[in-house]
Structure formats: C-alpha cells, structure tokens
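What follows is the residue order along each chain.
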Amino acid sequence: HYHWRDLEPEEGKYNFTQIDKHLAGLASHKKRLVILFQIKSFDLLDNVVPAYMRTSTYDGGQIAYVSSLTGEPHSYLIKLWNDKIRARFGALLQALGSRYNTHPYFEAIGFTESSSGTNLTDTQNIGYYDGLLLVDQSARKHFPNTTVYQFVNHTRKYLESFITTLKNMGASLGGPDILPTDLSLTIVDDPKSPDGVYSYYPKLSGTVPLMPSIQPIDYRYTSARKSEPGHVPTLQELYDYGKDNLKANYLYWRR
C-alpha cells in the first residue's frame, strides 16, 4: 500500500525511495511489485493526501467518509471531483510511469475500493466516480505496458457503466474482499436491486485480468454485514471462490 502524501511530500517534489527499495528487494528474489494506491484512508488520523493539498487552494483535498456499515465517519476520501486535485494526481502518475512502466519487476498499479460512503451529495457521488475513472485512464496512459487495476465494490447503481468503462480502457477489475455470502456483493437478478460486483467477474474472464484480494475480515466471516456474518471460512474455501467463482488471474492475500 502506498499513500500519495508519502510519494509527493511537497508539491511537484517526488520521493520514490520506498518503491525503489521494495523493487530492489523483490527483484533479488525474482518477485514482482504490485502497488495499491490509497485513494481513501481507514482512520480519521490518517490523511490520504499531501499536506500542501489540505488547503483552500485544493478545497481541503479530502472529505470525511461515512461508512454504510457503521453510519460513522471513520476515514478520508480524496475529492476526485475536483479538477485541480486530479491534475496533481495525473502528474504523480506521469512521474511514476516514466520511471517504472518498463521495469521488469513492476507488475501492476491500482487503486483502493470504489465505495464512496453515505454522506456525499448526488453531484459529489457522480463526480467522484467520474473522477476515479479519469484517474484510471491517466494510469493506463502513463503505464501502457503495465497492468492497471481498480478495486470495485460499491455503489451498485453505478457498477454497470463504471465496469464497462474500465473494460473499454483495458483496465483490470479487482476487489477489496472475498466475502462469498455478502449479499451486497453477490446479489444478482433481483428486480429491486442492481447486480453485485461479483456477477461481473465471470463476464470479464479472458478479457481483462481479474484481481480480487483477501482482507483480514475475510478470514473471520463470509459477509461484512452484521445481519449476515456467515461463517469462518477455510483458506481453501477462499482460494476456491476466487479461482472458480470469480475466475481470478491474481489473488492478493493480506495478513
């Protein structure tokens, strides 16, 4: 996981020391680096944008994110509907791409989950998803020889157009969890709700790489919903669901 604030501590001044260090260590073992950008944090003490962006020039850079599970603000989300913020993000991706796109041990670059929380206005929500796709497109532009992926989970009403746009630009579909009994992710053919993100994986199999991940909660429950916690899955169950149900090309395992 990499934070923007660490890679661009001052405006236009980049620090890729950690990436170079990780690449060197992995290359010595013939392993490859996958970067996951934090477009949202998971702690209100954890700023997701650089200090220079947390100013009026960039409208604060980030907004408190209210979880649909708890109803409480618990993290920050980058204001991707802001043109100035996206321009700076694009400049960072350009700098990264010029340095790493052809590196033989730089495998992939992507962005954390698409969920935008419950406290955004409709205009902000639409701007956020449009802005996130523009960031993905910028990454594809600057990493033409590297896998670019987007973790997608919510919001369901935006999924069809969002994932179609990812497919058309050649970006890969990934996800923050494997939760086999979570209705918000697995729901399909329900006249009262758009399909969940898991229904899109088999449709894209063989078209773009599919890249779900296993997070700490996934080892304890098969659903993130308190009303449907499911059971404690085995590692084999998680692996089989990713491989057989989601047709994964990559599986990322968090400790």
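Higher on the page you've got the structure.
Quick summary incoming for the structure in this document. Keep in mind the model is a prediction, meaning the values are calculated, not measured.

Parameters at a glance
Residues numbered from 1 in each chain as written. Predicted model: local features only at pLDDT ≥ 70, side-chain atom pairs only at ≥ 80, totals over all residues. Heavy atoms only, no water. Helix = DSSP H or I, 4+ residues; strand = E, 2+ residues; numbered from the N terminus. Rg over C-alpha atoms; globule rule 2.2 N^0.38 Å. Buried < 20%, exposed > 50% of the residue type's maximum accessible area, 1.4 Å probe, protein only. Contact = heavy atoms within 4.5 Å. Areas by Shrake-Rupley, 256 points an atom, 1.4 Å probe, with all protein chains shown as cover. Lys, Arg positive; Asp, Glu negative; His and termini not counted. Charge placed at Lys NZ, Arg CZ, Asp CG, Glu CD. Expected span 1.5 Å × (residues − 1). Salt bridge = Lys/Arg side-chain N within 4 Å of Asp/Glu carboxyl O. Axes fitted to C-alpha atoms, helices over the stretch in contact; angles between N-to-C directions. Parallel < 35°, antiparallel > 145°, perpendicular 65-115°, else oblique. Left-handed = near helix turned anticlockwise from the far one by under 90°. Pairing = 2+ DSSP bridges. Phe/Tyr/Trp six-rings, centres within 6.5 Å; stacked < 30°, edge-to-face > 60°.

What to know about the overall build of the protein chain
Next, step 1: Of regular secondary structure, the protein chain possesses eight helices and eight strands.
Next, step 2: Here the protein chain has a C-alpha radius of gyration of 18 Å; the compact-globule value for 255 residues is 18 Å, and the two agree.
Next, step 3: Taking the principal axes of its C-alpha atoms as reference, the protein chain extends roughly 45 × 45 × 35 Å.
Next, step 4: With 255 residues in all, the protein chain has 52% of them scored as buried.
Next, step 5: Considering only contacts in the protein chain between residues 6 or more positions apart, those separated by 24 or more positions represent 70%.
Next, step 6: Accessible surface computed for the protein chain: about 12,100 Å², of which carbon and sulfur atoms make up 51%.
Next, step 7: With 27 positive and 26 negative side-chain charges, the protein chain shows a separation of 5 Å between the mean positions of the two kinds.

Regarding helix 5 (residues 156-169)
Next, step 1: Over its 14 residues, helix 5 extends 20 Å from the first C-alpha to the last, a length consistent with the 20 Å expected when each residue adds 1.5 Å.
Next, step 2: For helix 5, the set of buried residues is Tyr158, Leu159, Phe162, Ile163, Leu166 and Met169.
Next, step 3: Where helix 5 is buried, its residues touch helix 4 (122-142), strand 5 (147-151), strand 6 (172-175) and helix 7 (200-204).
Next, step 4: Of the residues one or two after helix 5, Gly170 is the one with positive phi, at around 80°.

Quick look at the pattern of salt bridges
Next, step 1: Taken as a whole, this structure holds eleven salt bridges when the rule is applied.
Next, step 2: For Glu113, the salt bridge is made with Lys40, and the minimal N-O distance between the two is 3.1 Å. Here Lys40 lies in the loop between strand 1 (33-37) and strand 2 (62-66) and Glu113 lies in the loop between strand 4 (106-111) and helix 4, a separation of 73 residues in the sequence. Judged on exposure class, the residue Glu113 and its partner Lys40 are both buried.

So, the packing of helix 4 against helix 5
Next, step 1: For the pair helix 4 and helix 5, interaxial distance at closest approach is 10 Å and the crossing angle is 15°. What the angle tells us is that helix 4 and helix 5 run roughly parallel. When the axes of helix 4 and helix 5 are compared, the crossing they make is right-handed. Contacts between helix 4 and helix 5 pair Asn125, Ile126, Tyr129, Leu132, Leu133, Asp136, Gln137 and Arg140 from the former with Tyr158, Phe162, Thr165, Leu166 and Met169 from the latter.

Some details on the environment of Thr102
Next, step 1: Looking at the element boundaries, Thr102 is found in the loop between helix 3 (83-100) and strand 4.
Next, step 2: For Thr102, a relative accessible area of 66% gives the class exposed.
Next, step 3: In the structure, Thr102 is positioned 42 residues away from Pro144 in sequence and 9.0 Å away in space, judged by C-alpha atoms.

A short note on the sheet that holds strand 6
Next, step 1: If you walk across this open sheet you meet the six strands as 1-4-5-6-7-8, and the pairing is parallel. Of all strands in the sheet, those bounded by a partner on one side alone are strand 1 and strand 8 (252-253).
Next, step 2: As judged from the two bridges shared by strand 7 (residues 210-214) and strand 8, these two strands associate in the parallel manner. Following the sheet pairing, Ser213 is matched in strand 8 by Tyr252.

Description of the packing of aromatic side chains
Next, step 1: Under the defined criterion, the tally for this structure stands at 17 aromatic pairs.
Next, step 2: Summarising the aromatic geometry, the rings of Tyr52 and Tyr58 are spaced 5.7 Å apart at their centres and angled 75° between planes, so their arrangement reads as edge-to-face.
Next, step 3: Under the relative-accessibility criterion, Tyr58 is labelled buried at 8%.
Next, step 4: The interplanar angle of 75° and the centroid separation of 6.2 Å between the aromatic rings of Tyr198 and Tyr201 together place this pair among those described as edge-to-face.
Next, step 5: On the basis of relative accessibility, which here comes to 6%, the residue Tyr198 falls in the buried class.

In short, the description is geometric, and any link to function would need to be established separately.
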